[in-house]
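Inside the fold
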Amino acid sequence: MTLVGFYVVQTSDPGQRLRVAARLADKAFQRGHRIFINATDEAQATEINELLWSFRPASFLPHGLHGQEHCETIAIGWGQEPNNHNDLLINLQLEIPSFFSRFARVAEVVTQEPDSLAALRKSWTFYKERGYQLEKHDL
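These remarks concern the structure in this document.

What counts as what
- Residues numbered from 1 in each chain as written.
- Predicted model: local features only at pLDDT ≥ 70, side-chain atom pairs only at ≥ 80, totals over all residues.
- Heavy atoms only, no water.
- Helix = DSSP H or I, 4+ residues; strand = E, 2+ residues; numbered from the N terminus.
- Expected span 1.5 Å × (residues − 1).
- Polar contact = N/O pair within 3.5 Å; in protein donor to acceptor, adjacent residues only side chain to side chain.
- Phe/Tyr/Trp six-rings, centres within 6.5 Å; stacked < 30°, edge-to-face > 60°.
- Buried < 20%, exposed > 50% of the residue type's maximum accessible area, 1.4 Å probe, protein only.

1. Side note on unusual backbone geometry
Although it is not a glycine, Asn83 adopts a positive phi angle of roughly 50 degrees. Inspection of the secondary structure puts Asn83 in the loop between strand 4 (74-77) and strand 5 (88-91).

2. Section: helix 1 (residues 14-30)
If you check helix 1, its first and last C-alpha atoms are 25 Å apart, about what 17 residues at 1.5 Å a residue would give, namely 24 Å. Two or three places before Gly15, at the opening of helix 1, Asp13 has a side-chain oxygen 3.0 Å from that residue's backbone nitrogen. Downstream of helix 1 by a residue or two, Gly32 has a phi angle that is positive, lying close to 90 degrees.

3. Here's the deal with the side chain of His63
The residue His63 is located in strand 3 (residues 63-65) in this model. Within the structure, the side chain of His63 is placed 3.4 Å from the side chain of Trp53, a separation counted as a polar contact. Polar side-chain contacts of His63 include one of 2.5 Å to the backbone oxygen of Leu61.

4. Some remarks on the packing of aromatic side chains
Using the criterion set out here, one finds nine aromatic pairs in the structure. Each ring, one from Phe6 and one from Tyr127, has its centre 6.0 Å from the other, and the planes form 70 degrees; the classification is edge-to-face. Within this pair, whereas Phe6 is found in strand 1 (residues 3-8), its partner Tyr127 is found in helix 3 (residues 114-129), the two being separated by 121 residues in sequence. The same class applies to Phe6 and to Tyr127, which are both buried. Judged by centre distance (5.3 Å) and plane angle (75 degrees), the rings of Phe100 and Tyr127 are edge-to-face. With Phe100 in the loop between strand 5 and strand 6 (105-110) and Tyr127 in helix 3, the pair connects residues that are 27 residues apart, well separated along the chain. Here a set of aromatic residues connected by ring pairs shows up, and it is made of Phe6, Phe100, Trp124, Phe126, Tyr127 and Tyr132.

What follows is the structure, given as C-alpha cells:
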C-alpha cells in the first residue's frame with residue numbers, strides 16, 4: 001500500500017515548496033529511486049525543471065519535462081499520466097491526482113499559505129479514511 005508523507009514547511013513562501021520538492025527529489029535520487037514530480041501547471045513544471053539544473057552545483061539530477069526523452073529517472077509533469085513511474089510521486093498540486101495509488105510513496109509538500117493548509121487537511125483526511133499509512137514531517 002502507498003506510504004504518504006506530508007512535508008510541512010513553516011513558511012507561506014510558495015517558492016519554498018519548489019525548494020523542498022527539489023531537496024526530496026535529490027535525496028530520493030541518491031537512494032536510487034525514480035521520481036515523478038506532479039506540478040500545478042506547465043509554468044511551475046518549467047520552474048522546477050530549471051531549479052533542478054542548479055539545485056546542487058556539485059551533482060547532477062537527470063530530469064526533464066514530461067514527454068522528453070531524458071526524463072526516465074526524474075520526470076516533471078502537470079497532471080499527465082506518469083508513464084512508467086511508480087516509485088515516488090512528489091505532488092505539488094493541491095488536489096490528489098487520480099494516479100497516486102500506483103506509487104510506492106507519495107510526498108505532499110505543504111506551506112502555511114491558507115489554501116495549501118486547507119488542501120493538506122482535506123488530503124490527510126482522504127488518505128486516512130482509506131487506510132493509507134501517513135507520516136508528517138515538519139520542516
